[in-house]
Amino acid sequence: MLLAFDVGNTNIVLGVYRGQTLLNYWRIATDKSKTSDEYGMLIHQLFQYEGLSMKDIDDVIISSVVPPLMYSLQHMAYKYCKKEAMVVGPGIKTGMNIKYDNPKQVGADRIVNAVAAYEKYGGPLVIVDFGTATTFCAVSEKGEYLGGTIAPGIKISSEALFQNAAKLPRVELIKPGHVICKNTVSSMQSGIIYGYIGLVDYIVKRMKQELGNHPNTRVIATGGLANLIASESETIDEVNGLLTLEGLRIIYERNKG
Ligand SMILES: Nc1ncnc2c1ncn2[C@@H]1O[C@H](COP(=O)(O)OP(=O)(O)O)[C@@H](O)[C@H]1O
Ligand SMILES: CC(C)(COP(=O)(O)O)[C@@H](O)C(=O)NCCC(=O)O
Ligand SMILES: [K+]
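Small disclaimer: the values here were computed from a predicted structure and weren't measured.

**Q** Would you take a moment to explain the overall build of the chain for this structure?
**A** When its secondary structure is counted, the chain shows 7 helices and 11 strands. In terms of C-alpha radius of gyration, the chain reaches 19 Å, essentially the compact-globule figure of 18 Å for 257 residues. Along the three orthogonal principal directions, the C-alpha set of the chain runs to about 60 × 45 × 30 Å. Within the chain, contacts between residues separated by at least 24 positions form 57% of all contacts whose residues are at least 6 apart in sequence. Looking at charge distribution, the chain has the averaged site of its 26 positive side-chain charges lying 2 Å from that of its 25 negative ones.

Next up, the structure:
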């Protein structure tokens, strides 16, 4: 079995594959203060609950955009799975030509998403990942990673309103159904969610233009808050919440000894 980790700034998504089949996946909080033993025990319990054993893990792959957590997770893999983790980064074949000024600068999660989406849907592609930040990535018809856009995430945008304006409360991220709102909470919900739908559709439209208005450009959304926006966005074709785990499995296959 393969144990795959997608370490984001808010959540770690981990999944277990037997061959190409995803047996289970879980979402746990990203906590920079947790030790390798704490992660080991947490994962041990998640496994146990599903009748799985960490002793059956043959390989571990990690993609992370949170460098301070790498030591704990790598050490956890070593101690509890007896495996050296494969880490998405320099030296790993992704099969994708990265056209960033400095390819090492691109977040590993963005490349992993692009690999999975290109494998599944072909190019050209736009991938939108609604995480702590919202990232947009463009992939060419030939499968080159062309670059993209990084915007403040939905949750952190709404937290910023709450934290910086004394009379604005923390609000639940639900759609109020209209934009002429008659109270503070729905006015904020409208600004955050409908504002965000506008942001997404505008960036995607511009990205499609820069991709040459190719008629077959597909737009795939992923990440914790994808469904909230995708349901009213005019540009998102499909939500695939498991894109990052799928990309990790594919990259593992391309690099295993
Ligand atoms: N299933 C879910 N339903 C609603 N919100 C979610 C869900 N999963 C994650 N979130 C929220 O979505 C945001 C982004 O989550 P995630 O995609 O895990 O981010 P990251 O990859 O940056 O860790 C977070 O604010 C998180 O609280
Ligand atoms: C843009 C990100 C913060 C998104 O991370 P996430 O929201 O998934 O936690 C991450 O991909 C990152 O740190 N990227 C490095 C900068 C870049 O991609 O150009
Ligand atoms: K992510």
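**Q** Explain the domain arrangement of the chain to me, please; I cannot follow it from the model alone.
**A** Size of an interface: often given as the accessible area lost when the parts come together. Partitioning the chain into domains gives domain 1 (2–87) and domain 2 (97–247). Of note, the centres of domain 1 and domain 2, computed from C-alpha atoms alone, are 26 Å apart. Listed per partner, the contact involves 14 residues of domain 1 and 10 residues of domain 2. When domain 1 packs against domain 2, close to 890 Å² is buried across both sides, 62% of that on carbon and sulfur atoms. The tally of links between domain 1 and domain 2 comes to 3 residue pairs in polar contact (both at pLDDT 80 or more). With 4 residues, strand 2 (residues 11–18) is the largest single contributor of residues to the side of domain 1 that touches domain 2. Here the side of domain 1 that touches domain 2 is built from residues that sort into 7 nonpolar, 5 polar and 2 charged.

**Q** Teacher, can you tell me more about the site of ligand 1 here?
**A** The immediate surroundings of ligand 1 are formed by Gly-8, Asn-9, Thr-10, Asn-11, Arg-27, Phe-130, Gly-131, Thr-132, Lys-155, Gly-223, Gly-224 and Leu-225. Within the contact set of ligand 1, an oxygen atom lies 3.4 Å away from a backbone nitrogen or oxygen of Asn-9. If ligand 1 stood free it would expose 570 Å²; the protein chains cover 68% of that surface. Looking at the shell around ligand 1, its residues break down into 2 nonpolar, 8 polar and 2 charged. Counting contributing residues, the shell around ligand 1 receives three or more from each of domain 1 (2–87) and domain 2 (97–247).

**Q** Explanation requested: the packing of helix 4 (residues 154–164) against helix 5 (residues 184–210) in the structure shown.
**A** Any two packed helices are characterised by how steeply their axes cross, that is the angle between the axes, and by the distance between the axes. It is the contact of helix 4 with helix 5, at a shortest axis distance of 11 Å, that shows an interaxial angle of 150°. By the angle class used here, helix 4 and helix 5 are roughly antiparallel. For the crossing formed where helix 4 meets helix 5, the hand is right-handed. Contact residues: helix 4 offers Ile-154, Ser-157, Ser-158 and Leu-161, while helix 5 offers Met-188, Ile-192 and Tyr-196. Looking at side-chain class alone, the contact of helix 4 with helix 5 contains 5 nonpolar, 2 polar and no charged residues.

Thresholds applied
- Residues numbered from 1 in each chain as written.
- Chains lettered and ligands numbered in written order.
- Predicted model: local features only at pLDDT ≥ 70, side-chain atom pairs only at ≥ 80, totals over all residues.
- Heavy atoms only, no water.
- Helix = DSSP H or I, 4+ residues; strand = E, 2+ residues; numbered from the N terminus.
- Rg over C-alpha atoms; globule rule 2.2 N^0.38 Å.
- Contact = heavy atoms within 4.5 Å.
- Lys, Arg positive; Asp, Glu negative; His and termini not counted.
- Charge placed at Lys NZ, Arg CZ, Asp CG, Glu CD.
- Domains from an automatic or database assignment.
- Buried area = accessible area lost by both parts, 1.4 Å probe.
- Polar contact = N/O pair within 3.5 Å; in protein donor to acceptor, adjacent residues only side chain to side chain.
- Nonpolar A, V, L, I, M, F, W, Y, C, P; charged D, E, K, R; others polar.
- Near = heavy atom within 4 Å.
- Areas by Shrake-Rupley, 256 points an atom, 1.4 Å probe, with all protein chains shown as cover.
- Axes fitted to C-alpha atoms, helices over the stretch in contact; angles between N-to-C directions.
- Parallel < 35°, antiparallel > 145°, perpendicular 65-115°, else oblique.
- Left-handed = near helix turned anticlockwise from the far one by under 90°.

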